[in-house]
Amino acid sequence: MERIYNFSAGPAVLPREVLEQASDELMNWHGCGMSVMEMSHRGKEFTSILEAAESDLRALLGIPANYKVLFLQGGATMQFAQIPMNLLAGGSADYVVTGDWSKKACKEAQHYGRVRQVVSTEADGFTSFPAWADLDLNPDASYLHLCTNETIRGVEVFDFDSLPTGVPLVADMSSHILSRPIDVSRFGLIYAGAQKNIGPAGVCLVIVREDLLGKEAAGTPTLLGYAIQAENHSMLNTPPTFAIYMAGLVFKWLHRQGGLEAMEKVNIQKAALLYDVIARTGFYHNPVQPAFRSRMNVPFTLRDPSLDETFIGLARQHGLLQIKGHKSVGGMRASIYNAMPLEGVQALADFMNDFEQKHG
Ligand code: PMP
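The numbers attached to residues start from 1 for each chain and follow its sequence in the written order. Under the rules for a predicted model, residues below a pLDDT of 70 receive no local features and side-chain atom pairs below 80 are neither given nor counted, while totals for whole chains, interfaces and linings still include all residues. Note that water and hydrogens are dropped before the side-chain values are worked out from all heavy atoms of the structure.

Enquirer: Sorry, what's going on with the overall build of the protein here?
Expert: In terms of helices and strands, the protein carries nine helices and 14 strands. Throughout, radius of gyration means the C-alpha value; the globule benchmark is 2.2 Å times the number of residues raised to the power 0.38. A compact globule built from 360 residues should have a C-alpha radius of gyration of about 21 Å, and the protein, at 21 Å, falls within 12% of that. Within the protein, the proportion of its 360 residues that are buried is 55%. Any two residues whose heavy atoms approach within 4.5 Å are treated as being in contact. Pairs at least 24 apart in sequence give 68% of the contacts found in the protein among residues at least 6 apart. For every accessible area listed, the method is Shrake-Rupley and the probe measures 1.4 Å; residues are considered covered only by the protein chains on display. By element, 52% of the accessible surface of the protein is carried by carbon and sulfur atoms, the whole surface being about 15300 Å². Numbering of helices and strands runs from the N terminus; a helix is a DSSP stretch of H or I covering at least four residues, while a strand is a stretch of E covering at least two. Buried means the residue's accessible area, taken with a 1.4 Å probe over protein chains only, is under 20% of the maximum for its type, while exposed means over 50%, and partly exposed covers the values in between.

Enquirer: Just to check I follow, could you spell out the site of the ligand for this structure?
Expert: What makes a residue near a molecule or strand is one non-hydrogen atom of that residue sitting within 4 Å of it. In the vicinity of the ligand, the residues found are Gly 75, Ala 76, Thr 77, Phe 80, Trp 101, Cys 147, Asn 149, Thr 151, Asp 172, Ser 174, Gln 195 and Lys 196. Any N or O atom pair separated by 3.5 Å or less is treated as a polar contact, with the protein-specific requirement of one donor-capable and one acceptor-capable atom, and with residues adjacent in sequence counted only for side-chain atom pairs. Thr 151 is positioned with one of its side-chain polar atoms (N or O) 2.4 Å from an oxygen atom of the ligand. Compared with its free state, where it exposes 390 Å², the ligand has 85% of that area covered by protein. No other element matches helix α3 (residues 75-87), which puts four residues into the shell around the ligand. Polarity classes work like this: nonpolar for Ala, Val, Leu, Ile, Met, Phe, Trp, Tyr, Cys and Pro, charged for Asp, Glu, Lys and Arg, and polar for all others, with Gly in that last group. Across the shell around the ligand, the residue classes break down as four nonpolar, six polar and two charged.

Enquirer: How should the side chain of Asn 6 be read in this particular structure?
Expert: Among the secondary structure elements, Asn 6 is positioned in strand β1 (residues 5-6). We classify Asn 6 as buried; its relative accessible area is 15%. Engagement of the side chain of Asn 6 in a polar contact is seen with the backbone nitrogen of Ser 8, the distance being 2.9 Å. Polar contacts involving the side chain of Asn 6 include one to the side chain of Gln 322, which spans 3.2 Å. With sequence-adjacent residues up to four places away left out, Asn 6 is seen in contact with Ala 12, Val 13, Leu 321, Gln 322, Ser 335 and Met 340.

Enquirer: I tried to follow the packing of aromatic side chains on my own but got confused; where do I start?
Expert: Two descriptors summarise a pair of aromatic rings, namely the distance from one centre to the other and the angle between the planes of the rings. Working definition: a ring pair exists when centres of Phe, Tyr or Trp rings (six-membered ring for Trp) sit within 6.5 Å. Plane angles under 30 degrees give stacked, over 60 give edge-to-face, the rest tilted. Considering all chains together, one arrives at 13 aromatic pairs under this definition. A ring pair is formed by Tyr 95 and Tyr 143, whose centres lie 5.9 Å apart and whose planes are at 70°; its orientation type is edge-to-face. With Tyr 95 in strand β3 (residues 92-97) and Tyr 143 in strand β5 (residues 143-147), the pair connects residues that are 48 residues apart, well separated along the chain. Residue classification places Tyr 143 among the buried residues on the basis of a relative accessible area of 0%. With a centroid separation of 6.2 Å and an interplanar angle of 55°, the aromatic rings of Phe 283 and Phe 355 are classed as tilted. Placement of the pair is Phe 283 in the loop between α7 (259-281) and β11 (284-285) and Phe 355 in helix α9 (residues 342-359), with a sequence separation of 72 residues. We note that Phe 283, like Phe 355, is buried. Taken together, the ring pairs connect Phe 283, Tyr 284, Phe 300, Phe 311, Phe 351 and Phe 355 into an aromatic cluster. The criterion is that NZ of a Lys, or CZ of an Arg, lies within 6 Å of the ring centre and within 35 degrees of the ring normal, and then a charge sits over that ring. Of note, Lys 104 hangs over the ring of Trp 101, and the distance from its end group to the ring centre comes to 4.7 Å.

Enquirer: What is the right way to read helix α4 (residues 100-109) from this model?
Expert: Along an α-helix, residues three or four apart share an orientation, since each turn contains 3.6 residues. What α4 keeps buried is the set Asp 100, Ser 102, Ala 105, Cys 106 and Ala 109. At its buried positions, α4 is contacted by α3, β3, β4 (114-120), β5, β6 (149-150) and β9 (189-193).

Enquirer: Before we go on, may I ask you to explain the pattern of salt bridges in this structure?
Expert: Pairs can form between side chains of opposite charge whenever their charged atoms are close. One side-chain nitrogen of Lys or Arg within 4 Å of one carboxyl oxygen of Asp or Glu is enough to make a salt bridge. If you walk through the whole model with that rule in mind, you get 16 salt bridges. As a salt-bridge pair, Arg 58 and Glu 54 come within 2.9 Å of each other at their nearest N and O atoms. Here the residue Arg 58 and the residue Glu 54 both occupy positions in helix α2 (residues 44-61), the gap between them amounting to four residues, near one helical turn. For Glu 54, a relative accessible area of 23% puts it in the partly exposed group.

Enquirer: In this structure, what is going on with the packing of α7 against α9? I would like to understand it.
Expert: Packed helix pairs are characterised by how far apart their axes lie and by the angle those axes make with each other. Only the stretch in contact is used when fitting a helix axis, every axis being a line fitted to C-alpha atoms; angles between N-to-C directions are given from 0 to 180 degrees. Contact geometry of α7 with α9 gives a least axis separation of 9 Å together with a crossing angle of 10°. Judged by the inter-axis angle, α7 sits roughly parallel to α9. Within the contact between the two elements, α7 uses Gln 269, Lys 270, Leu 273, Leu 274, Val 277, Ile 278, Arg 280 and Thr 281 and α9 uses Leu 342, Val 345, Gln 346, Leu 348, Ala 349, Met 352, Asn 353 and Glu 356. Considering only residue class, the contact of α7 with α9 consists of nine nonpolar, four polar and three charged. Throughout this description, any angle smaller than 35 degrees is read as roughly parallel, any larger than 145 degrees as roughly antiparallel, any in the 65 to 115 degree range as roughly perpendicular, and the remainder as oblique.

Enquirer: Sorry if this is basic, but what is going on with the sheet that holds strand β14 (residues 332-335) here?
Expert: The strands making up a sheet associate through hydrogen bonds between their backbones, and the pairing can be parallel or antiparallel. Pairing is antiparallel in the open sheet, where three strands are placed in the order β11-β12-β14. Looking at strand neighbours, the two that pair on one side only are β11 and β14, the edges of this open sheet. At least two bridges found by DSSP between two strands are what make those strands a pair.

This is a description of form; function is not addressed.
As structure tokens, then:
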């Protein structure tokens, strides 16, 4: 069966080459006579997989030496609790709420200490990102949390140069990590669930500056302590070995594509294809302010929502799947992560144009 174009927000499309390699290696990894799923996480084979994944990731993102890379479990949602447990240190944290995910993160953190919602853009339907100068930030906060790409509404922060300095920044980059180069040193902690731009579900990446380690609150479950996870190279208990292996294959694939500069170029092209169609006539609509329109998640509604089901059904016939929008927004959402080829996005843009001609 031919593969379809998968626009799911996550778990999401993986590079074809990566799936083929995993399939080739499934029964017998590098001649060792067993699958990655079957090997001891403490053996030399898996240790080499983990080390390669970390070093390839460090090279891709230019992660400075004073940052630890952790491969954890519980998804990005676990981080909503784990971050305050580890970083609040009896202080207070600031949260910028610009979408459904940062709102959840802020709510969860409140169970673990003093948390201030500095701003919420919910009244405007989560369609922009506030200007930093307008915010009343706490200069003594233990950290400032933001989500740099809100997956549901498709709101992305592009300008990292203007991010506030002073307090450690903690960023949820689940849905756009590795889509472009970033300056890791601007952040205290970066986290990302894997199932969008990294690999399959089951592993969550945490990149944390060393000076933030070792401040966990009393009573923090051992498994949830960053410092002890760092000391144990993410192997305090059995890690999600297959998910880490797959992430490692994706990192190598990214290197073969030319790294994150090359990915960014294609991602700009891909997003422009869809936003151009959306902007052309008004048949399609995206409410996000242009400066913050996500390159990874492109939500749009049809002028006439009674056409939604027809659109989804016909798209399916064209091999364009998982295009239905999040239930809180309605309409459609095309997630176009790194592994979605330009041809897939072109096929969707062509389909949208055709559909408009017939139904507009
Ligand atoms: N943050 C963002 C930005 C997300 O998109 C998601 C998942 N869609 C999450 C957090 C939650 O991730 P997980 O399901 O891995 O807990």
